[in-house]
Amino acid sequence: MAEQNDKSAQRESALHEGRLPKPERPRLITIANQKGGVGKTTSSVNLAAGLAEAGLKVLVIDIDPQGNASTALGVEHRAGTTSTYELLIGDATADEAMQKSPDFDSLYCIPATIDLAGAEIELVSLVRREYRLYDAVRGEFLDKHQFDYVLIDCPPSLGLLTINAMTLVDEVIIPIQCEYYALEGVGQLLNNISMIRQYLNTDLHISAILLTMYDGRTNLAEQVAEEVRGHFGDVVIKTLIPRSVRISEAPGFGQTVLQYDPSSRGAQSYRDAARELAQRGDYLPGPESGPIGISPAAAHDTER
Ligand SMILES: Nc1ncnc2c1ncn2[C@@H]1O[C@H](COP(=O)(O)OP(=O)(O)O)[C@@H](O)[C@H]1O
Ligand SMILES: [Mg+2]
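Scoring rules and cut-offs
- Residues numbered from 1 in each chain as written.
- Chains lettered and ligands numbered in written order.
- Predicted model: local features only at pLDDT ≥ 70, side-chain atom pairs only at ≥ 80, totals over all residues.
- Heavy atoms only, no water.
- UniProt positions renumbered as here; feature names shortened; annotations may be inferred.
- Pairing = 2+ DSSP bridges.
- Helix = DSSP H or I, 4+ residues; strand = E, 2+ residues; numbered from the N terminus.
- Contact = heavy atoms within 4.5 Å.
- Axes fitted to C-alpha atoms, helices over the stretch in contact; angles between N-to-C directions.
- Near = heavy atom within 4 Å.
- Polar contact = N/O pair within 3.5 Å; in protein donor to acceptor, adjacent residues only side chain to side chain.
- Areas by Shrake-Rupley, 256 points an atom, 1.4 Å probe, with all protein chains shown as cover.
- Nonpolar A, V, L, I, M, F, W, Y, C, P; charged D, E, K, R; others polar.
- Buried < 20%, exposed > 50% of the residue type's maximum accessible area, 1.4 Å probe, protein only.
- Phe/Tyr/Trp six-rings, centres within 6.5 Å; stacked < 30°, edge-to-face > 60°.
- Lys NZ or Arg CZ within 6 Å of the ring centre and 35° of its normal.

Under the annotation held in an unreviewed UniProt entry, the protein carries the name AAA family ATPase and is attributed to Corynebacterium poyangense. The UniProt entry for the protein carries the following comment under Function (unreviewed entry): "May play a role in septum formation."

**With respect to the sheet that holds strand β7 (residues 205-212)**
In spatial order, the strands read β3-β4-β2-β5-β1-β6-β7; together these seven strands make up an open sheet with mixed pairing. Pairing within the sheet leaves two strands with one partner each, and these edge strands are β3 (99-100) and β7. With three bridges joining them, strand β1 (residues 27-31) and strand β6 (residues 171-177) adopt parallel strand pairing. Note that in β6 the partner of Ile31 across the bridge is Ile173. Contacts from helix α10 (residues 186-199) reach β6 and β7, with the element oriented near 175° to β6.

**Comments concerning the site of ligand 1**
Ligand 1 sits among 14 residues. The nearest are Gly37, Thr41, Thr42, Pro242 and Ser244. Backbone polar atom of Val38 to an oxygen atom of ligand 1: 3.1 Å apart, as the coordinates give it. Lys40 places a side-chain nitrogen or oxygen 2.9 Å from an oxygen atom of ligand 1. Within the complex, the protein chains bury 77% of what would otherwise be the 550 Å² of accessible surface of ligand 1. Of all elements in the fold, only α2 (40-53) and α12 (245-249) reach the threshold of two or more residues within the shell around ligand 1. Considering every element that reaches the shell around ligand 1, the biggest residue donor is α2, with three residues. Partitioning the shell around ligand 1 into residue classes produces five nonpolar, seven polar and two charged.

**Concerning the pairing of strand β2 (residues 58-62)**
Each regular strand carries side chains that alternate between the two faces of the sheet. Judged by how many residues are buried, β2 sits mostly within the fold: five of five residues are covered. Taking every second residue as pointing to the same face, both faces of β2 are buried, with Val58, Val60 and Asp62 on one and Leu59 and Ile61 on the other. Both β2 and strand β4 (residues 107-110) contribute to a ladder of four bridges, which runs parallel. Following the sheet pairing, Ile61 is matched in β4 by Ile110.

**Quick notes on the packing of aromatic side chains**
In the structure shown here, the tally under the stated rule is five aromatic pairs. Between Phe141 and Phe147, the ring centres sit 5.9 Å apart and the planes meet at 45°, which makes this aromatic pair tilted. A relative accessible area of 6% means that Phe141 is categorised as buried. Seen from their ring centres, Phe253 and Tyr260 are 5.0 Å apart, and the 25° between their planes marks the pair as stacked. Through a chain of ring-to-ring contacts, the aromatic side chains of Tyr108, Phe141 and Phe147 assemble into a single cluster. Lys57 extends its terminal NZ or CZ atom over the ring of Phe147, reaching a point 5.2 Å from the ring centre.

This is how it looks when you write it as structure tokens:
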């Protein structure tokens, strides 16, 4: 109890300074949804920036061949740059591939280049093909750098690249766009998570769902938000990410929105979401939790 008081006192004082509590051990998180354009990349880089801005040490691993997270973080990722491709193939170490963000002192990125586009096929014939990222990152590299958060930006598919992300991490954050067909494909994603949990990584679970591109002027956005909360309950982050032009402009300048327009509503929403994620900690599956690692109420009826 004393320890808990101690901890909450620490949290209080961290909050006071605009800083966020350090997790007890590094939180490894994949941002996944096999649907494209739902805000995976935007959420990866801006949550990372929100955490880094609050004093935490953060690594973003880009495993989407499009390299959009690398672009948004302003790191080099032309073809031939040492990247997640070399890491997965075994031609480079994580240290060799990692770059520091030009904008935040404690933010790092392992970029993706277009070379990654063929990796899905190349990986098939390699040993431990589902654990290539795990083998390159867990252990020595993670121990040495003591990151507070590692966020992985996934491609919009459920292939070997995404599987490599999900065997490395404990947590999955699913961004859901507040639009028509918001839950389309989510059922399949949940099935895949439950399979990976069963066969490849028993620690994997959904720790947050983030509602993105929320347009408060439409009934539809509100309905989608309600529906998602109905399905997933408390695992849904309370902060809504609004649809915002500033958020979509920022990557064009090689910046996160927190850097591009720090006082914008979009920047503030990602700061708030990062804060929520850090303060509430991991959403650990209880004894009641179903095959996807969240409460049974959440697991039903998401098939479309
Ligand atoms: N909250 C938002 N408001 C406005 N545009 C957004 C927002 N979030 C993402 N976008 C834009 O929507 C597009 C898809 O987002 P992105 O993060 O790249 O999705 P994904 O990585 O899931 O494919 C991008 O052009 C991005 O700039
Ligand atoms: Mg993306």
